Amino acid sequence: MTEATDLPSRFSSFVCKSKRSAIWSIAAIWVVVLIYPLMQVELLMSFETWQAKKLLEYGFWHRHGAAILSPGTDTGILPNPELFNRSHHPYPIMWVYTLLYTFAGAAGGAALAMLLRLAASVLTFCALDRHFDRFSAWCGAVLVTLAPVTLHLDSEVTNATTIAAVLWPLGAYLLSREKTESPTSPLPGRFIGLSVFLAVQTDWFPLTIVPALIVLAVEWQRLSFRKLADPLKHPVAGRILVAAVLTSALFLLGVIYYEADFGGLHHHVRMEAGGTGGAHSRWWKVLGLVPLRSVMFVGLPLILGSVVGLFHRRQNRSPLVLASLVYFVCWGLSALALPQYFINETSIYAYALFPAAVLTALAIQHRQRFLPWVLIALCLPGMAEIYLYDSIPALSDTSRVIGEFIASHSVATDVVLTNLEPGRRPFKPSDTSAGRAVRVAGDRRIFFGIRTPAELDEIPQMIRQTNAPTLFVVDPACAITPELREQLQRATLVHTATLALPVAKPSLAERIRAFVFYDIMHKGKAETASGQDDSKQETLEIYRLR
């Protein structure tokens, strides 16, 4: 191995003169680059924070520990919350968030999540340092720290899927020996099984890492069909398999216990698998949009470094390199199976960071002169991308004003319908989270885009009970059919008010976000600029339907 002190760069010699100095420098970089994203975070928009809040309001024992309500039903107060359990994600991590929320509010869960994110960067270095020279390991960890998905906090700060990705570097660290260590290590047998079990209690996606961890545990340098039964005889690999099977069984039992609508669950899985139609076929989503989102969130430096590393894989028969290649196969198969999940979610791209860092460290170890500095420089566009994104408030002033207005003229048990629609006036096209933001600001269950009697008639089925107190908030400047207008006129007018809404021309970041959201990701259709009204006044009418 090439020692850091032999490297031509004085900078690398100084930073990597010891393992401790390398770790402290990575932690310092992590803190510096995340200052701005943390300043922009709106903790109230965090899905996990809101789930904790609602579990306390409903009562943990009353809900039998069912911490997760389906998106759109986790605001307001439902008479039948048990019918809206979101069972296809593990619950235990939400119990932890709820406990932290009880004592520290929204900041408690955010602090835990950020500590785990920091641990992922540091563990990446520690794991790589056991296989590559120190400078290459340091560069790989720094590239992970500067990756867009690492910096992307916004409403993702406490995302359970993202933080569960810490299993990758943790598992690699536990299953790797120190370069000067004796052949046996007590760590894997004691902790790797527990690590797998706990990770899958946070989210189910860490199960995709299990095959790669098995490769590391049995120390395969190449795959062989004749050795596929070896993990069953290997004590450490056996613990990984037992933990994966046990935690999967607990997860499935949770689904059976908490799920009240298996038809709806089946429809959701089909939707994530691209089986319910849409703007693109499954193959186009995987072959077109998933690579694009990989560049956006994994980052060009790690992808480029991985490609270069592939050309040097024969020069390093480390089980870690093979495990990384195995994981990319598992990750790709997951994208083929659940293309819509990879299009809608950002968190799963965090799982590609560590194996990409392994291949990148391999490339840097063989091309140290220019490659590391080129890759680090290429991080700047990705950082600018995320900083631009984070500069747009997740909870906009318009959403806050409208949400607070609805809250002041309703109660938490009301179902609120409206012809307002995110992406259309009075919201900016870039205000893609306006629906969620209005619900959060008002703490009400709100259905947007109701413009015809037929859409109104679907509401009882959507709320799964027919006698809920219901309000309709009408913006006369937004489209509504004459038939629905006539139906509302027969209802009771509760209140009419003219709201003063903030108006400003879209910034560069807002225009980019709208373009990506609507034109690239095809998540709806924004109203054209000519259809926008720059008036600062918005009149809203509230009708009581029942």
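Structural data are supplied above this passage.
Rules used in this analysis
Residues numbered from 1 in each chain as written. Predicted model: local features only at pLDDT ≥ 70, side-chain atom pairs only at ≥ 80, totals over all residues. Heavy atoms only, no water. Helix = DSSP H or I, 4+ residues; strand = E, 2+ residues; numbered from the N terminus. Buried < 20%, exposed > 50% of the residue type's maximum accessible area, 1.4 Å probe, protein only. Contact = heavy atoms within 4.5 Å. Areas by Shrake-Rupley, 256 points an atom, 1.4 Å probe, with all protein chains shown as cover. Salt bridge = Lys/Arg side-chain N within 4 Å of Asp/Glu carboxyl O. Phe/Tyr/Trp six-rings, centres within 6.5 Å; stacked < 30°, edge-to-face > 60°. Patch = residues over 30% accessible without salt bridge, like charges linked within 9 Å, V, L, I, M, F, W, Y side chains within 5 Å. Pairing = 2+ DSSP bridges. Axes fitted to C-alpha atoms, helices over the stretch in contact; angles between N-to-C directions. Polar contact = N/O pair within 3.5 Å; in protein donor to acceptor, adjacent residues only side chain to side chain. Expected span 1.5 Å × (residues − 1). Parallel < 35°, antiparallel > 145°, perpendicular 65-115°, else oblique. Left-handed = near helix turned anticlockwise from the far one by under 90°. Nonpolar A, V, L, I, M, F, W, Y, C, P; charged D, E, K, R; others polar.

Colleague: How would you explain the overall build of the protein if you had to name every residue and give the values?
Modeller: Scanning the protein from terminus to terminus reveals 27 helices and five strands. Looking at the 546 residues of the protein, the share that counts as buried comes to 55%. Put simply, of all contacts in the protein between residues at least 6 apart along the chain, 81% involve residues at least 24 apart. Element-wise, carbon and sulfur atoms account for 64% of the exposed surface of the protein, whose accessible area totals about 24,000 Å².

Colleague: Explain the pattern of salt bridges residue by residue, including any values.
Modeller: As a working rule, side chains carrying opposite charge can pair if their charged atoms are close by. By the definition in use, this model includes 14 salt bridges. Aspartate 414 serves as the salt-bridge partner of arginine 544, at 3.1 Å between the closest nitrogen and oxygen. Here arginine 544, found in strand β5 (residues 537-544), pairs with aspartate 414, found in the loop between α22 (397-408) and β1 (415-418); they are 130 residues apart in sequence, far enough to count as distant. Residue aspartate 414 is classed as buried on the basis of its relative accessible area of 2%. Between arginine 490 and glutamate 486 there is a salt bridge whose closest N-O contact spans 3.7 Å. On the basis of relative accessible area, arginine 490 is assigned to the exposed category, the value being 62%. Among the charged side chains, a salt-bridge network with shared partners connects Lys53, Lys54, Glu57 and Asp443.

Colleague: Which residues make up the packing of aromatic side chains, and what values do they have?
Modeller: Counted under the stated rule, the structure contains 19 aromatic pairs. Relative to tryptophan 61, the ring of phenylalanine 60 has its centre 5.2 Å away and its plane inclined at 90°; by these criteria the two rings are edge-to-face. Take tryptophan 61: its relative accessible area is 73%, and that puts it in the exposed class. Ring centres of phenylalanine 135 and tryptophan 138 lie 6.2 Å apart, and the angle between their planes is 15°; this geometry places the pair in the stacked category. Highlighted residues: phenylalanine 135 and tryptophan 138, both in helix α6 (residues 134-145), separated by three residues, approximately one helical turn. Each member of the pair, phenylalanine 135 as well as tryptophan 138, carries the same accessibility label: buried.

Colleague: Lay out a nonpolar patch on the surface in plain terms, naming residues and giving numbers.
Modeller: On the surface, Leu246, Leu250, Leu253, Ile256 and Phe262 cluster together to form a nonpolar patch covering roughly 490 Å² of accessible area. Broken down by element, the nonpolar patch gets its largest block of residues, four residues, from helix α13 (residues 235-258). Within the element layout of this structure, leucine 253 appears in helix α13. For leucine 253, a relative accessible area of 52% corresponds to the exposed category.

Colleague: If you had to explain the environment of leucine 304 to someone new, which residues and values would you point to?
Modeller: In this structure, leucine 304 sits in helix α16 (residues 300-310). Given a relative accessible area of 35%, leucine 304 falls into the partly exposed group. Distance from leucine 304 to leucine 378, taken between C-alpha atoms, is 9.8 Å for residues 74 residues apart in sequence.

Colleague: Account for the sheet that holds strand β2 (residues 445-447), naming residues and giving values.
Modeller: Ordered by their spatial adjacency, five strands build an open sheet running β2-β1-β3-β5-β4, and the pairing between neighbours is mixed. Whereas interior strands pair on both sides, the edge strands pair on one side only; in this sheet they are β2 and β4 (492-500). On average, adjacent strands in this sheet sit at an angle of 25° to one another, irrespective of strand direction. The sheet contact formed by strand β3 (residues 470-474) and β5 spans four bridges and is antiparallel. Note that in β5 the partner of valine 474 across the bridge is glutamate 541. Packing of α22 onto the sheet brings it into contact with β1, β2, β3, β4 and β5, and relative to β4 it is tilted by some 150°.

Colleague: Give me the side chain of lysine 53: which residues, what numbers.
Modeller: Considering the arrangement of structural elements, one finds lysine 53 in helix α3 (residues 47-58). Within the structure, lysine 53 has its side chain in polar contact with the side chain of glutamate 57 (distance 2.7 Å). Not counting the four nearest positions on each side in its chain, lysine 53 is found in contact with Tyr101 and Asp443.

Colleague: Any details on helix α17 (residues 319-337)? Residues and values, ideally.
Modeller: For α17, spanning 19 residues, the distance from its first C-alpha to its last is 27 Å, which sits close to the expected 27 Å at 1.5 Å a residue. For α17, every residue scored as buried is listed here: Pro319, Leu320, Val321, Leu322, Ala323, Ser324, Val326, Tyr327, Cys330, Trp331, Ser334 and Ala335. If you check the start of α17, you find a side-chain oxygen 3.1 Å away from the backbone N of leucine 320, and it comes from serine 318.

Colleague: So what about the packing of helix α5 (residues 106-129) against helix α19 (residues 353-366)? Which residues, and what values?
Modeller: The axes of two packed helices give the description: the angle between them and the distance between them. Between α5 and α19, whose axes approach to 11 Å, the crossing angle comes to 40°. Here α5 lies oblique to α19, going by the angle between them. Between α5 and α19 lies a crossing whose hand is right-handed. Contact residues: α5 offers Thr124, Ala127 and Leu128, while α19 offers Phe354, Ala357, Val358 and Ala361. When the residues that make up the contact of α5 with α19 are grouped by side-chain class, the tally is six nonpolar, one polar and no charged.

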